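If you want the building blocks of each chain, they are given just below.
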Amino acid sequence: MSEPKPDQPGAEASNLLAERREKLDRLRTAGIDPFPHDFPDREEIASVLAEHQRLEAGTETDSVHRVAGRVVARRGHGKAAFIDLRGPSGQIQLHAKADVLGEDAFSLLDDLDLGDILGVEGRVVVTRRGQLSIEVSSWQILAKSLRPPPDKFHGLEDTETRYRRRELDLIANQESREIFRVRARTVSSIRRWLDDHDFFEVETPVLQPLYGGALARPFTTHHHTLDRELYLRIATELYLKRCVVGGIDRVYELGKDFRNEGISPKHNPEFTMLEWYEAYADYAKTASDLESLVSEVATDVLGRPRIERDGKEIDLAPPWRRVTLRDAILDCTGIDIEKETGRESLAAAMEVELEETVGWGKLVDTLFSKRVEPTLIEPTFVLDYPVELSPFAKAHREKEGVVERWEAFIGGVEIANSFTELNDPDEQRRRFEQQAGELDRGDEETQPYDETFIEALEQGMPPTGGVGLGIDRLVMMLTGTHSLREVVLFPAMRD
RNA sequence: GCCCCCGUAGCUCAGCUGGUUAGAGCUGCAGGCUUUUAACCUGUGAGUCGUCGGUUCGAAUCCGACCGGGGGCACCA
């Protein structure tokens, strides 16, 4: 942060900044370091509160504690003052009194501002109104705040500022702090579940010579020394399968994928994805694993396998509903995709214009996501997708033209995708060639041919089930939010 | 990329059928108050009304373009 320049608009726009700097100077003049190096032997505010529950109003204990946190409110009373101090674990009231602190230490409190980081020591007392407090016997400023905090009562409402300056949102809004706490607990609970089920965590390249594993446009970047284009990964799929070939039978990776596509309440250019692969399993096993994982993680994080969404309770406990893609579409729209097997006839049944680049599979996908997906509120597995949409899934063991694949939906949002993985290298080669055909028709979101991956399959990959779970979307479900930006700390924004 | 809505003090908001010097609460500053908790009381400071241009005697207010945000459509997970 640079020094404010008086000529610059904004620097002197408010004297609020100048006044805080004057206080900073006064502290220094008084020989006080406004940015000391530490504050040892501190206790969490929550543990101090927990230790002194249910004391009578007016109680004065001999129990001395040291706590630190941010000053969030102040109420002066002449020769006394109340200060609300907040840390990550909770908030506690400080009672500063001139007769306890001495005139000098008390009057220096005048140079405190809302937002300052403060460390105090004192005994626990309970006020006449029954408010547990620390009667301050000494205090120390731990960091001077040079900018005013958001409104102490209304918080920070402006959506743009909440996303661009998330630290202010976190300071001002309890709900926002809680969302990210749920997110952190969710991620750690998922890892625990996978580790407990003998999965092996790996890290594969983010910068890739060839992207793959999903149908999406990639970001490109350039490596100077190698002098070549690299792609930011759109999925971890192909590398993780190579791990399975290598004998890591249960493997997972939890990290960021990047897709160069539009931004919406359900899409951020970078997002957190979990993929796991289990050798000798198929898509029925991955489905039962996913419903167990989500249900157990929800119980771990929320205390129950249920969420609330738009005022409705949704039960996440297994078993989830299972419906084939064909039946789901038939139920919602009356269109039978087993009968409308041509591009023209399906487009006609859908009553839409048929565009050059749109294949039959894409039409099915459009039909499904427009008409069916929003209705899938209760947790649902949609099974058996057309082969056109699924270049890495194995053909169905009984049904013609479809692959063993499911997508899982909660609250009308897709949260996971899975298949019985294709492990026949020759069939995989044909799928890549078919995707190349799509590319020729002008579809930019297709799968490039990956010879290294084919060679890995030729080495021999056991039958395998794989899953991709969208972590951001799962957190949306667990927090009852409706935008990815509410669960991503620093979402993508324009300059 | 297209359509709709929004942008006033550090924060939360009034004002917007064009008309004196743009208001309030919180925050800030000065003062009072030793049990308050959205503390209170007195006084007081703070705004290129998103930006640029246009209409007009006069624009926060009407019109246009642009910037930023939100929602929807398209595309996607």
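Just so it is clear, the model here is predicted, and its values are computed rather than measured.

## Description of the overall build of chain A
Secondary structure assignment for chain A yields 15 helices and 18 strands. Reported as C-alpha extents along the three principal axes, the dimensions of chain A are approximately 85 × 55 × 50 Å. Per-residue burial over chain A gives 49% buried out of 495 residues. Considering only contacts within chain A whose residues lie at least 6 apart along the sequence, 65% involve residues at least 24 apart. Counting every atom, chain A has about 24,700 Å² of accessible surface; 48% of that belongs to carbon and sulfur.

## Things to note about the nonpolar core
Formed by 43 residues in total, the largest nonpolar core has its most connected members in Ile190, Leu290, Trp406 and Leu469. Within the second largest apolar cluster, 37 residues are counted, among which are Ala279, Val323, Phe409 and Leu457.

## Side note on the packing of helix 8 (residues 237-245) against helix 14 (residues 451-459)
Two measures define how a pair of helices packs: the angle their axes make with one another and the distance between the axes. For the pair helix 8 and helix 14, the least separation of the axes is 9 Å and the interaxial angle reads 25°. As the angle between them shows, helix 8 and helix 14 are arranged roughly parallel. Two packed elements cross with a definite hand, and for helix 8 against helix 14 that hand is left-handed. Seen from helix 8, the contacting residues are Leu238, Lys241, Arg242 and Val245; seen from helix 14, they are Thr452, Phe453, Ala456 and Gln459. Of the residues in the contact of helix 8 with helix 14, the class split is four nonpolar, two polar and two charged.

## Here's the deal with the sheet that holds strand 4 (residues 117-126)
Two strands in a sheet stick together by hydrogen bonds in their backbones, pointing the same way (parallel) or opposite ways (antiparallel). Pairing is mixed in the closed barrel, where five strands are placed in the order 1-2-3-5-4. Along the sheet, successive strands turn relative to each other by an average axial angle of 50°, direction set aside. Across three bridges, the pairing between strand 3 (residues 90-97) and strand 5 (residues 132-143) is parallel. Bridge pairing in strand 5 places Gln93 opposite Ser133.

## A look at the pairing of strand 4
Consecutive residues of a regular strand have side chains that alternate between opposite faces of the sheet. Of all ten residues that make up strand 4, seven are buried, and the element is covered over most of its length. Alignment of strand 1 (residues 60-76) against strand 4, held across eight bridges, turns out to be antiparallel. Across the sheet, Val67 pairs through a bridge with Val120, a residue of strand 4. Bridge count for strand 4 against strand 5 is ten bridges, and the pairing is antiparallel. Residue Gly122 lies in a different strand from strand 5, and its bridge partner there is Val136.

## Observations concerning the protein's contact with RNA strand B
Within the structure, RNA strand B sits among 53 residues, and Glu19, His267, Glu414, Arg473 and Arg485 are positioned closest to it. Backbone atoms, meaning sugar plus phosphate, form 60% of the atoms of RNA strand B positioned within 4 Å of the protein. Within the backbone of Glu157, a nitrogen or oxygen atom sits 2.8 Å from a phosphate oxygen of RNA strand B. Elements with a contribution of two residues or more to the surface near RNA strand B: helix 1 (15-29), strand 1, strand 2 (80-87), strand 3, helix 5 (159-164) and helix 12 (360-372).

## Some details on the pattern of salt bridges
Enumeration over the complete set of coordinates arrives at 44 salt bridges. Here Glu201 ties to Arg191 by a salt bridge, and the two come within 2.9 Å at their closest N and O atoms. Here the residue Glu201 occupies a position in strand 6 (residues 200-201), and Arg191 occupies one in helix 7 (residues 174-196), the gap between them amounting to ten residues. Look at Arg191 and you get partly exposed, because its relative accessible area is 27%. A network of salt bridges, in which partner residues are shared, links Arg326, Asp327, Asp336, Glu338 and Lys339.

## Considering the packing of aromatic side chains
Summed over all chains, the structure comprises ten aromatic pairs. Aromatic pair Tyr211 and Tyr231: ring centres 4.8 Å apart, planes at 65°, arrangement edge-to-face. A residue pair is termed long-range when its members are at least 10 positions apart, and Tyr211 in the loop between strand 7 (207-208) and strand 8 (220-223) and Tyr231 in strand 9 (residues 228-232) qualify at 20 residues. Tyr231 sits in the partly exposed class, given a relative accessible area of 22%. Between Phe392 and Phe432 the ring centres are 5.9 Å apart and the planes differ by 80°, which places this aromatic pair in the edge-to-face class. Separated by 40 residues along the polypeptide, Phe392 in the loop between strand 15 (380-386) and strand 16 (402-410) and Phe432 in helix 13 (residues 425-440) bring together distant segments of the chain. One aromatic cluster is present, built from ring pairs that chain together Phe392, Phe432, Tyr449 and Phe453.

## Description of the side chain of Gln93
Looking at where Gln93 falls in the secondary structure, it is placed in strand 3. On the basis of relative accessible area, Gln93 is assigned to the buried category, the value being 8%. Among the polar contacts listed, one links the side chain of Gln93 to the side chain of Arg75, at a separation of 2.8 Å. In terms of polar contacts, Gln93 uses its side chain to reach the side chain of Ser133, at 3.0 Å.

## Observations regarding the environment of Gln93
Along the primary structure Gln93 and Val126 are separated by 33 residues, whereas in three dimensions their C-alpha atoms are 9.9 Å apart. If we skip the residues at most four places from it in the chain, Gln93 touches Arg75, Phe82, Ile83, Asp84, Thr127, Gln131, Leu132, Ser133 and Ile134.

Basis of the calculations
Residues numbered from 1 in each chain as written. Chains lettered and ligands numbered in written order. Predicted model: local features only at pLDDT ≥ 70, side-chain atom pairs only at ≥ 80, totals over all residues. Heavy atoms only, no water. Helix = DSSP H or I, 4+ residues; strand = E, 2+ residues; numbered from the N terminus. Buried < 20%, exposed > 50% of the residue type's maximum accessible area, 1.4 Å probe, protein only. Contact = heavy atoms within 4.5 Å. Areas by Shrake-Rupley, 256 points an atom, 1.4 Å probe, with all protein chains shown as cover. Core = buried A, V, L, I, M, F, W, Y, C linked by side-chain atoms within 4.5 Å. Axes fitted to C-alpha atoms, helices over the stretch in contact; angles between N-to-C directions. Parallel < 35°, antiparallel > 145°, perpendicular 65-115°, else oblique. Left-handed = near helix turned anticlockwise from the far one by under 90°. Nonpolar A, V, L, I, M, F, W, Y, C, P; charged D, E, K, R; others polar. Pairing = 2+ DSSP bridges. Near = heavy atom within 4 Å. Polar contact = N/O pair within 3.5 Å; in protein donor to acceptor, adjacent residues only side chain to side chain. Salt bridge = Lys/Arg side-chain N within 4 Å of Asp/Glu carboxyl O. Phe/Tyr/Trp six-rings, centres within 6.5 Å; stacked < 30°, edge-to-face > 60°.

By themselves, these are just geometric observations and shouldn't be taken as functional.
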